[in-house]
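The lines below spell out each chain.
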Amino acid sequence: MTKAVRFDELGGPEVLRLEELKLEEPAHGEVRIRVDAIGLNRAESNFRSGTYVYPPNLPGSGLGYEAAGVVDAVGEGVDEFAVGDAVSAAPTFLMTDYGTYGEAVVLPAHGLVHRPADVDPVTGAATWMAYTTAYGLLVEFGGINPGDTVLINAASSSVGLASIQVANHLGAVPIATTRTHAKKQRLLDAGAAHVIATEEEDLVAEVHGLTGGRGVELAIDAIMGPAVTTLIQTVVPDGSLLFYGWLDPTPAPMPIAADFRGRNIRTYAFTEVTIEDPARLRRAKHFINAGVRAGTLRPVIDRTFDLTDVVAAHRHLESNTQFGKIVLTVEH
């Protein structure tokens, strides 16, 4: 037997429960891992509450995209992993098919990556969602080059902090935004070249002041809402504004004024890298592994909770007070 997190109805963190289940055997193309750590993502909060891009299978839905652990069983047709291998889970599957919130979970082999010996489980569980998202935003779709400037909205999130590191890894200039100056020094310490407090400063004026009046080549945003009309004013005429989240449910106006023509405005989903295009995923894995080996890509951990405290962990996830990644740890 093993324990895993399940929920039977949509709702707040309190709908999550830890349930004892029969230990599954991996089928063809699958691997079972003994889980040591689980990375939490806003996607799972939305999935649990019914506001994600696809609904859960209820009742008895699992959840989770990220984990780190050790392989303890391998299904037929799997050659790249063996029992005893240290691995991390990357989000190459849907939560309606697989989940990572448990003591031992079965995942598709394509959703695992080998974890280097010097990468601990907490770090390994906190890497692949944030950095594949940041990679897609800045490299595959943002087309950032050395010397370009990137405006990173909601920069204290795990994806925001990963994007700061990816921008620096590429030789670009990351400008971080946050609501107040409370997190300014932490963002500077995390690698931001500049920090703008959007509730205390004029975003457009500050960006143009920092860029000599030009603006940024790329702005990435997880919030959307009415602030879209402000963000677009920071982007150069041939630049891009990419949305990867919708924390503000207020309808977002589409900037169609003549002054904004020539800018690339689009939404982005991490699945465009991890699921929809194997070539993009291959490039992302090489990019992230190179950054991990070089030490330029390293997730910032906000706080860890025990798996038994999953409800409290989700409450913290939704508090918007975290700085970096929240991780569940599993005692065996």
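Residues numbered from 1 in each chain as written. Predicted model: local features only at pLDDT ≥ 70, side-chain atom pairs only at ≥ 80, totals over all residues. Heavy atoms only, no water.

**Some remarks on the overall build of the protein**
Phase 1 of the analysis: When helices and strands are counted, the protein shows ten helices and 15 strands.
Phase 2 of the analysis: Once the C-alpha set of the protein is aligned to its principal axes, its extents read approximately 60 × 40 × 35 Å.
Phase 3 of the analysis: Each of the 332 residues in the protein was classed as buried or not, and the buried ones make up 53%.
Phase 4 of the analysis: Of the contacts formed within the protein by residues at least 6 apart in sequence, a portion of 67% connects residues at least 24 apart.
Phase 5 of the analysis: Just so you have it, the protein exposes about 13,800 Å², and 50% of that area is on carbon and sulfur atoms.
Phase 6 of the analysis: Computed over 26 positive and 41 negative side-chain charges, the inter-centroid distance for the protein is 2 Å. (Helix = DSSP H or I, 4+ residues; strand = E, 2+ residues; numbered from the N terminus. Buried < 20%, exposed > 50% of the residue type's maximum accessible area, 1.4 Å probe, protein only. Contact = heavy atoms within 4.5 Å. Areas by Shrake-Rupley, 256 points an atom, 1.4 Å probe, with all protein chains shown as cover. Lys, Arg positive; Asp, Glu negative; His and termini not counted. Charge placed at Lys NZ, Arg CZ, Asp CG, Glu CD.)

**Section: the packing of aromatic side chains**
Phase 1 of the analysis: Scanning all chains against the criterion turns up nine aromatic pairs.
Phase 2 of the analysis: Plain terms: the ring middles of Phe47 and Tyr54 are 5.6 Å apart, the flat faces sit at 65° to each other, and that makes the pair edge-to-face. Residue Phe47 shares its accessibility class with Tyr54, and that shared class is buried.
Phase 3 of the analysis: Aromatic side chains Tyr135 and Phe287 sit 5.1 Å apart centroid to centroid with 50° between the ring planes, which places their arrangement in the tilted category. (Phe/Tyr/Trp six-rings, centres within 6.5 Å; stacked < 30°, edge-to-face > 60°.)

**Side note on the sheet that holds strand β9 (residues 173-178)**
Phase 1 of the analysis: With respect to topology, six strands assemble into an open sheet ordered β10-β9-β8-β11-β12-β13, the strand pairing being parallel. Strands with a single pairing partner mark the edges of an open sheet, and in this sheet they are β10 (194-197) and β13 (264-267). Averaged over neighbouring strand pairs, the angle between their axes works out to 15° when direction is ignored.
Phase 2 of the analysis: The pairing of strand β8 (residues 149-152) with strand β11 (residues 216-221) spans three bridges and is parallel. Looking at β11, one finds that Ile152 is bridged to Ile220.
Phase 3 of the analysis: Against the sheet, helix α6 (residues 203-210) touches β8, β9, β10 and β11, its axis set at about 165° to β10. (Pairing = 2+ DSSP bridges. Axes fitted to C-alpha atoms, helices over the stretch in contact; angles between N-to-C directions.)

**Here's the deal with the nonpolar core**
Phase 1 of the analysis: Membership of the largest hydrophobic core comes to 77 residues, with the highest contact counts inside it found for Ile33, Tyr65, Leu187 and Leu328.
Phase 2 of the analysis: Among the elements that make up this core, the one with the highest residue count is helix α3 (residues 128-140) (eight residues).
Phase 3 of the analysis: Among all residues touching Ile33, those that are not within four sequence positions of it are Ala67, Gly69, Val70, Val71, Asp72, Val87, Glu103, Ala104, Val105, Leu107 and Leu112. (Core = buried A, V, L, I, M, F, W, Y, C linked by side-chain atoms within 4.5 Å.)

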